[in-house]
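# Analysis of the macromolecular model
What follows is the residue order along each chain.
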Amino acid sequence: MSEQHKPVIGISIGDMNGIGPEVILKAVGGNRLNRICTPVIYGSGKIINRYRQMLELKDWQFFTIQKIDQINHKQVNVINCMNDQNLELQPGKVTPEAGKLAFESLKRAVADLKAGKLDALVTAPINKHNIQSDEFKFPGHTEYLASEFEVEDVLMFMVSETLKIGVATGHVPIEQVKQKINKELIIKKIEQIHTSLKRDFGVQRPRIAVLGLNPHAGENGLLGNEEKEIIQPALTELKKKGTLVFGPFPADGFFGTAAWKQYDAVLAMYHDQGLMPFKMLAFENGVNFTAALPKVRTSPDHGTAYDIAGKNEADESSMIHAIYTAVDVAKNRAELSELEANSLKKKNIVLKEASMED
């Protein structure tokens with residue numbers, strides 16, 4: 001872990017005209033989280049100060065720095081990521097300046113994350129259109145992070161204390177979902193969920209449920225063959241390896257009867273199949289976690305919400321849970337890494353002693 005045994009959590013500002021800055025300040029205002037971590041907001045001191053005034057957090061001060069090495073562990077830190085003299089805050093408006101700041105803050109935070117100067121990254125919501133540029137040509141944060149860390153495939157894993165849902169296909173048009181579903185993909189996503197549950201969330205023997213692609217999970221081939229020809233063979237192969245995986249289940253009945261409560265996680269076949277029930281059941285405390293990345297990244301499970309931006313109406317619960325989850329996963333990974341290092345050290349000592357006896 002980082003200095004003073006507190007994880008350093010980077011928070012990218014997202015779209016400054018959305019609710020991102022508001023939920024960030026409501027989450028960290030008054031230094032409420034400094035007991036468990038050192039928050040570092042990547043964005044603009046000018047914009048953060050404007051929101052501080054709008055939210056009447058006048059008694060709360062933040063520490064402005066130019067680079068991560070200058071952080072103050074007793075305060076919330078803000079790193080200026082671009083010249084903000086000409087930045088004009090326009091809550092609820094889609095502007096090119098907001099997209100540029102969103103990208104510059106993300107790029108700077110990811111650079112520090114890659115350099116090991118952050119223990120985790122929490123990303124506030126972006127507008128997937130005004131952030132587009134020659135440097136950012138991605139559907140969202142998840143794909144950008146996968147590219148930056150040179151990971152071929154990551155998992156969009158929606159998590160809360162009661163429900164965890166991964167999706168086999170992420171930001172993909174519905175007409176392309178069927179083309180992308182194959183046995184290898186299903187196996188890979190289940191293995192990613194299995195590994196994350198053990199490494200990131202401390203579940204020793206994960207039980208994973210898998211949803212069908214078609215209505216009624218294909219109805220024995222009447223409504224589609226993907227369950228019989230792709231999903232079931234994948235589950236059979238994983239079961240032979242000892243993985244506790246179940247399904248495929250019809251999505252409507254699975255959630256309608258609360259069957260999800262019997263499992264540690266669920267794999268949905270496509271975005272809305274997983275995110276719709278998740279947001280209905282865990283919207284306020286839900287978190288988007290990018291599993292299978294070498295570094296920890298979380299985000300709240302909502303968007304920019306321009307309609308309420310700047311009105312002091314945004315609920316910070318999901319942002320708070322995103323920060324808590326980032327802290328917990330970072331600590332779990334650090335503890336596991338230490339255990340593995342100690343185990344390897346003991347093994348080497350035993351081998352050395354055995355070699356000397358020979």
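The paragraphs below set out a description of the structure included in this document. (Residues numbered from 1 in each chain as written. Predicted model: local features only at pLDDT ≥ 70, side-chain atom pairs only at ≥ 80, totals over all residues. Heavy atoms only, no water.)

This part is about the nonpolar core. By size, the foremost hydrophobic cluster in this structure holds 68 residues, and its most contacted members are V28, F157, I186, I190, M269 and I323. Considering each element in turn, this core owes the most residues, seven residues, to helix α10 (residues 317-357). (Core = buried A, V, L, I, M, F, W, Y, C linked by side-chain atoms within 4.5 Å. Buried < 20%, exposed > 50% of the residue type's maximum accessible area, 1.4 Å probe, protein only. Helix = DSSP H or I, 4+ residues; strand = E, 2+ residues; numbered from the N terminus.)

Reading across from one edge, β3-β4-β2-β1-β5-β12-β11-β6-β7-β10-β8-β9 is the order of the 12 strands in this open sheet, with mixed pairing throughout. In this open sheet, the two edge strands, each paired with only one partner strand, are β3 (63-65) and β9 (244-249). Ignoring which end each strand starts from, the neighbouring axes of this sheet average 25 degrees apart. Contacts between helix α7 (residues 226-240) and the sheet are confined to β8 (207-211) and β9, with β9 contributing the most and set at about 165 degrees to the helix. (Pairing = 2+ DSSP bridges. Axes fitted to C-alpha atoms, helices over the stretch in contact; angles between N-to-C directions. Contact = heavy atoms within 4.5 Å.)

In this section: helix α1 (residues 20-28). The α-helix advances 3.6 residues per turn, and as a result positions three or four apart in sequence lie on the same side. Burial within α1 is extensive, with nine of its nine residues counted as buried. A positive phi of about 75 degrees marks G30, the residue just after α1.

Per the counting criterion, the structure on display carries 12 salt bridges. The residue D69 makes a salt bridge to K117 at a minimum N-O spacing of 3.6 Å. With D69 in the loop between β3 and β4 (77-80) and K117 in the loop between α3 (96-114) and β5 (120-123), this pair connects stretches of sequence that are 48 residues apart. The salt bridge involving R199 is made with D200; its shortest N-O contact spans 3.5 Å. R199 gets classed as partly exposed once you look at its relative accessible area, which sits at 29%. (Salt bridge = Lys/Arg side-chain N within 4 Å of Asp/Glu carboxyl O.)

Our next topic: the side chain of E316. Looking at the element boundaries, E316 is found in the loop between β12 (297-300) and α10. Looking at E316, the relative accessible area reads 19%, which means it is buried.

Right, let's get into the packing of aromatic side chains. Under the criterion given, the structure shown has 13 aromatic pairs. Arranged with centres 6.1 Å apart and planes meeting at 75 degrees, the rings of F103 and Y144 form a pair that is edge-to-face. Taken as a pair, F103 in helix α3 and Y144 in helix α4 (residues 141-148) lie far apart in primary sequence, 41 residues in all. Assessed through its relative accessible area of 5%, F103 is described here as buried. One aromatic cluster in this structure is built from F246, F249, F254, F255 and Y263. Residue placement shows K164 over the ring face of F201; its charged tip is 5.1 Å from the ring centre. (Phe/Tyr/Trp six-rings, centres within 6.5 Å; stacked < 30°, edge-to-face > 60°. Lys NZ or Arg CZ within 6 Å of the ring centre and 35° of its normal.)

We now examine the pairing of strand β11 (residues 287-291). Counting buried positions along β11 gives five out of five residues, so the element sits mostly inside the fold. Residues V287, F289 and A291 point to one face of β11 and N288 and T290 to the other, with burial holding for every one of them. Where strand β6 (residues 155-159) and β11 come together, five bridges link them in antiparallel fashion. Residue pairing across strands places F157 opposite F289, the latter belonging to β11. Bridge count between β11 and β12: three bridges; the pairing is antiparallel. Bridge pairing in β12 places F289 opposite T298. Here β11 hands over to β12 after five residues, with A292 in that stretch at a positive phi of 75 degrees.

As a further point, take the environment of Y51. Examined against the element boundaries, Y51 turns out to sit in helix α2 (residues 45-54). Accessibility expressed as a relative area gives 1% for Y51, which makes it buried. Residues Y51 and V329, 278 residues apart in the sequence, show an inter-C-alpha distance of 29 Å. Contacts of Y51, omitting those with residues within four sequence positions, involve M16, N17, G18, P21, E22, L25, L89 and P91.

What follows is about the packing of helix α6 (residues 183-199) against α7. A pair of packed helices is characterised by two quantities: the angle between their axes and the separation of those axes. Two elements in contact, α6 and α7, have axes separated by 8 Å at closest approach and are oriented at 50 degrees. With respect to each other, α6 and α7 are oriented oblique. At the point where α6 passes α7, the crossing takes the right-handed sense. When α6 is examined against α7, the residues K183, I186, I187, I190 and E191 are found in contact with a partner set consisting of I230, P233, A234, L235, E237 and L238. A class-by-class count of the residues in the contact of α6 with α7 yields eight nonpolar, no polar and three charged. (Parallel < 35°, antiparallel > 145°, perpendicular 65-115°, else oblique. Left-handed = near helix turned anticlockwise from the far one by under 90°. Nonpolar A, V, L, I, M, F, W, Y, C, P; charged D, E, K, R; others polar.)

Without other data, these values stay purely geometric and don't point to any function.
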